[in-house]
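# Analysis of the macromolecular model
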Amino acid sequence: MPFSRLSEAFQKMEVTSSRIALTEILIELFKQTPSQLMDDVVYLIQGKLYPDFVGLELGVGEKLLLRAISLATGVGPQEVEKLYKQLGDVGKAAEDCEKRRRQATLFREPLTISRVYSTLEKVAKAFGEGSQDIKIRLLASLFNDAEPLEARYLARIVLGKLRLGVADYTVLDALAVAFGGTKEAREIVERAYNLSSDLGLVARTIAEQELEGVKGIGITVGRPVRPMLAERLKTPQEVLEKIGGEVAAEYKFDGERMQVHKKGDQVWVFSRRLENITDHYPDVTRIAGDGIKAEEVIVEGEGVAFNPDTGEFLPFQELMHRRRKYGIEKAMEEYPVSLYFFDLLYLDGVDYTQKPYSERRRKLTEIVEESERIHLAPMIRTESPDGLETFMMEAIERGCEGLVVKDPGSNYRAGAREWAWIKLKREYRTEMTDTVDLVIVGGFHGRGKRTGVYGAYLVAAYDKEADMFRTVCKVGTGFTDEDLKDFYEMMSRYETDHKHPRVDSKMEADKWFIPQVVIEVLAAEITLSPIHTAAWGSIRSGAGLALRFPRYTGRLRLDKSPEDATTVQELIEMYRRQTKSIVEEEAKEIR
Ligand code: AMP
């Protein structure tokens, strides 16, 4: 099939703004495409060579592409670059160069889809020394034989700028109509896609083996399953009403979703967006390989970064340090990851997505061997709003975002956002911009690099009315190695054998101190807490106020006496202001 057929379709798609018209163009194209080319055509429509999880890219930058175009057309390199700058679109520039072609070709062999695809595949697979030259030669061979319109799309594909805006679901619609024609056909292709994450595979299978073949597409270890997603509600009451009866509630960790596949000794990790992120997480691969007791398995969980010196969770953003090509070893040390598994999708030949949550969770418990770095997401079964509320506060206290509440009878619905999973996040979420001054009342022994000093401190706000110090958080972040040593020495002067009578704490510290030293702390936000005692019962019964993601700013407030610290009353004010601004913001969004 000539590549020009595909370029013409691209040209039509590019000027279409209606989804129906887009689908029509695809249907026409699919009907004319030989079945053995269907997968290549579908990948090319999406500007790719493979599904995302393969993770192989063309590895061609602008410069290299422009050189190849220049080489093929005889238009000077500077002129090509100038054209590109003027037109602002590499496709248009390539097209223009073909029109201005200075180099007449004696033998022009029309491009076919197979040739374009297989040549681009060679470009993607050229690595190492001399690979740049190989890539240029391969690309030049294509541009040498390309017509202007073909050059436009070729250049865009190469730079990953095709962007026809064809959604996966539009391709599925078109496939279902072109080869099935019924509503049932649509459901079957979608199911196959959700389980395989591979549109090309679904397309080729339906073209070659019709719907019966597509029904046979299932889960394969090494190929990600499209993840089940959660809806969102505001209160425990609403969640319980929506699901009805007893629910299963799990901590909602604030990390990166990881779908871990294991087959014998091989382990893959896929992101929520189905990218293969195995290389970014060699530690996860190792831990999961050891801790999951099964031959062939797919499990899902959240990878959460933690501070190796204090054990505290770190905000989700810190995981971005792991998304790099080089220096993974160092990032692994600085930002180690713990795994919290919450689902089982496949086990030794059995598709668990078809089984209810309770059964999946039970089996998951059997195959995951918990250790320091690998856990099951804590879970409770409850029917009561209070039960959910308390569990949610406990989750937040542990540094989680809230809960994901699940219908115990529901299957795993790959690729779907439905009410079988409902997010219940902490109500208020806003930046806390002011720093607070807090009093050190307790210390926790450090681990790892912090052995021999305190790794974190328990800090408190001052309750003026009762003349007491009530805890608000444990802080271990923000201290330099030097700070830790200095603090250790300084705090030895204030050590006491028991909790000081002016300190109110539910949390047990390794060492107690006389309230004396004030430090400045900045946190992400103030939340309700079942553990910290500041403002106990003032906002909600059975809860105090705590700081989330606190960090020492480096300012030791020797100028302040403990009674000058931020007061509990001030914290309540800050919490109310924060809440009010959120309510206003939400109201604005609704308007
Ligand atoms: P959101 O990203 O806010 O839509 O929330 C859904 C995400 O929460 C999932 O994609 C997971 O990455 C994450 N998550 C954390 N803990 C859980 C859990 N116990 N069950 C399901 N998802 C979880």
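With that settled, the discussion passes to the pattern of salt bridges. Counted under the stated rule, the structure contains 44 salt bridges. As a salt-bridge pair, Arg-257 and Glu-300 come within 2.8 Å of each other at their nearest N and O atoms. Here Arg-257 is found in strand E3 (residues 256-263), whereas its partner Glu-300 is found in strand E5 (residues 296-305), with 43 residues between them in sequence. Look at Arg-257 and you get buried, because its relative accessible area is 12%. For Arg-450, the salt bridge goes to Asp-309, with nearest N and O atoms at 3.6 Å. Of this pair, Arg-450 sits in the loop between strand E12 (436-445) and strand E13 (454-463) while Asp-309 sits in the loop between E5 and helix H15 (328-334); the two residues are 141 residues apart in sequence, bridging distant segments of the chain. Salt bridges linked by common partners bring Glu-14, Asp-89, Glu-95, Lys-99, Arg-152 and Arg-156 together as one network.

Let us look at the site of the ligand. Surrounding the ligand, one finds 13 residues, the nearest of these being Glu-250, Arg-257, Glu-302, Lys-406 and Lys-423. At a separation of 2.9 Å, an oxygen atom of the ligand approaches a polar side-chain atom of Arg-257. In the environment of the ligand, a nitrogen atom lies 2.8 Å from a nitrogen or oxygen atom belonging to the side chain of Lys-406. Coverage of the ligand by the protein amounts to 88% of the 490 Å² it exposes when considered alone. Elements with a minimum of two residues in the shell around the ligand: strand E2 (247-252), strand E10 (402-406) and strand E11 (417-425). Of the residues assigned to the shell around the ligand, the class counts are five nonpolar, no polar and eight charged.

As a further point, take the pairing of E11. Where strand E1 (residues 229-232) meets E11, four bridges bridge the pair, whose relative direction is parallel. Residue Ala-230 lies in a different strand from E11, and its bridge partner there is Glu-418. Judged from the five bridges that link them, E10 and E11 form a sheet pairing that is antiparallel. Bridge pairing links Lys-406 to Trp-421 in E11.

This paragraph deals with empty space enclosed by the protein. Applying the stated criterion across every chain, the model contains two cavities of 30 Å³ or more. One number sums up the size of the second largest cavity: a volume of about 40 Å³. Lining the second largest cavity are Pro-224, Val-225, Pro-227, Arg-257, Gln-259, Phe-270, Ser-271, Arg-272, Leu-274 and Glu-300. For the lining of the second largest cavity, the class distribution of residues is five nonpolar, two polar and three charged.

Between its first and last C-alpha, helix H17 (residues 385-397) extends 18 Å over 13 residues, near the 18 Å set by a 1.5 Å rise per residue. Buried within H17 we find Leu-388, Glu-389, Phe-391, Met-392, Met-393, Ala-395 and Ile-396. Once H17 finishes, Gly-399 follows within two positions and takes phi at roughly 95 degrees, a positive value.

Turning our attention to helix H12 (residues 199-215). Between its first and last C-alpha atoms H12 spans 14 Å; for 17 residues at 1.5 Å apiece the expected length is 24 Å, and the helix comes up short by more than 12%. The largest bend along H12 reaches roughly 130 degrees and is located at Gln-209. Buried residues of H12: Leu-199, Gly-200, Val-202, Ala-203, Thr-205, Ile-206, Ala-207, Leu-211, Gly-213 and Val-214, and no others. Summarising the contacts, the buried residues of H12 are in contact with helix H3 (38-45), helix H10 (168-179) and helix H11 (183-196). Regarding H12, its N-cap is Asp-198, as a side-chain oxygen of that residue lies 3.1 Å from the backbone nitrogen of Gly-200 further along.

We now examine the sheet that holds E11. With mixed pairing, five strands are arranged side by side in an open sheet as E1-E11-E10-E2-E9. Looking at the sheet topology across the chains shown, the edges are occupied by E1 and strand E9 (379-382). Going from strand to strand, the sheet's axes swing by 35 degrees on average, the running direction of each strand aside. Lying on the sheet, H17 is in contact with E2, E9, E10 and E11; it crosses E10 at an angle near 135 degrees.

Calculation notes
- Residues numbered from 1 in each chain as written.
- Predicted model: local features only at pLDDT ≥ 70, side-chain atom pairs only at ≥ 80, totals over all residues.
- Heavy atoms only, no water.
- Salt bridge = Lys/Arg side-chain N within 4 Å of Asp/Glu carboxyl O.
- Helix = DSSP H or I, 4+ residues; strand = E, 2+ residues; numbered from the N terminus.
- Buried < 20%, exposed > 50% of the residue type's maximum accessible area, 1.4 Å probe, protein only.
- Near = heavy atom within 4 Å.
- Polar contact = N/O pair within 3.5 Å; in protein donor to acceptor, adjacent residues only side chain to side chain.
- Areas by Shrake-Rupley, 256 points an atom, 1.4 Å probe, with all protein chains shown as cover.
- Nonpolar A, V, L, I, M, F, W, Y, C, P; charged D, E, K, R; others polar.
- Pairing = 2+ DSSP bridges.
- 1 Å grid on protein atoms, 1.4 Å probe; cavity = no way out; pocket = protein on both sides within 12 Å on 5 of 7 lines; lining within 4 Å.
- Points joined across faces, edges and corners; volume = space filled by probe spheres on them.
- Expected span 1.5 Å × (residues − 1).
- Bend = angle between axes of the 7 residues up to and from the residue.
- Contact = heavy atoms within 4.5 Å.
- Axes fitted to C-alpha atoms, helices over the stretch in contact; angles between N-to-C directions.

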